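Okay, here's what each chain looks like letter by letter:
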Amino acid sequence: MRISVIVEGPSDQAALTALLGPLIHQKAAEGVYVHFMTARSGDRKRHLMEHVPNEAADWLREDHARHMIVIPDLYPLKSGLVSGTPEELVEYIKGNFKKALARRGVDDIRLLERFSVFCFKHDLEVLVLAAREQLAEQLEASGFKLEWNDTVEDQNHNRPPKRVVMELFEAHGRKYRETRDAARILDGADYRTIAERCPQCFKPFVDFLTSLRPAP
């Protein structure tokens, strides 16, 4: 079984590969091969919302051993969405996949089962905030010079996790470089701990990956 996980950009890809390395190796030993892909350059979130579901309708029909997972950031709120909740974003993307199948005259529930959608609430840096021990080590700090919502997934659209992380680095005299720092921080974290600290949106994704088994 091949699992293609499509995220918005290179920093998401690098960070998740670093954090989930042990799980990826475990699943490979079981015959489930997970790899991360990035959206095309430009409006990457729009690409995940609009174009990937359409492409998936063809990819999954051509490769019956493939499962696709899409993980956009919840932030920023895009046109076409009203409430900006994880549930709305997930249903919007799934709805686009169903429409793509309908345009092709395909009515196969097995395809729907091989297309999954999760999201970061509100962006990848929620995982960085959850890795507080590794974050403090990266900043060479015994305490943080900034406060944020301890329930890391409960930041908001006005101050999403990435903004908090950028402010935090600045408060400690550093500049946050997402393509480097996120992966470095998460490489030293236990994905199970991060999942428990992000129970709303990230843990369901981890639980889903963990549950996957190759087809008999």
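Residues numbered from 1 in each chain as written. Predicted model: local features only at pLDDT ≥ 70, side-chain atom pairs only at ≥ 80, totals over all residues. Heavy atoms only, no water.

Caption draft 1: Helix 8 (residues 161-171), seen in detail. Within helix 8 the residues assigned to the buried category are Pro-161, Val-164, Val-165, Leu-168 and Phe-169. Buried positions in helix 8, seen along its axis, are confined to an arc of 135 degrees and lie on one side of it. Against the buried residues of helix 8 lie helix 6 (125-130), helix 7 (132-139) and helix 9 (178-187). Gly-173 occupies a position one or two residues after helix 8 and carries a positive phi of about 70 degrees. (Buried < 20%, exposed > 50% of the residue type's maximum accessible area, 1.4 Å probe, protein only. Helix = DSSP H or I, 4+ residues; strand = E, 2+ residues; numbered from the N terminus. Arc of directions from axis to C-beta. Contact = heavy atoms within 4.5 Å.)

Caption draft 2: Looking closely at the sheet that holds strand 3 (residues 66-71). On the basis of which strands lie adjacent, the open sheet formed by 4 strands has the order 2-1-3-4 and parallel pairing. Looking at which strands have only one partner, the edges of the open sheet turn out to be strand 2 (33-38) and strand 4 (115-117). Each neighbouring strand pair of the sheet contributes to a mean axis angle of 20 degrees, computed without reference to strand direction. Here strand 1 (residues 2-7) runs beside strand 3; their pairing, made up of 6 bridges, is parallel. Its bridge partner being in strand 3, Val-7 is matched across the sheet by Ile-71. In the packing of helix 4 (residues 86-103) onto the sheet, the strands contacted are strand 3 and strand 4, and the crossing angle to strand 4 comes to about 160 degrees. (Pairing = 2+ DSSP bridges. Axes fitted to C-alpha atoms, helices over the stretch in contact; angles between N-to-C directions.)

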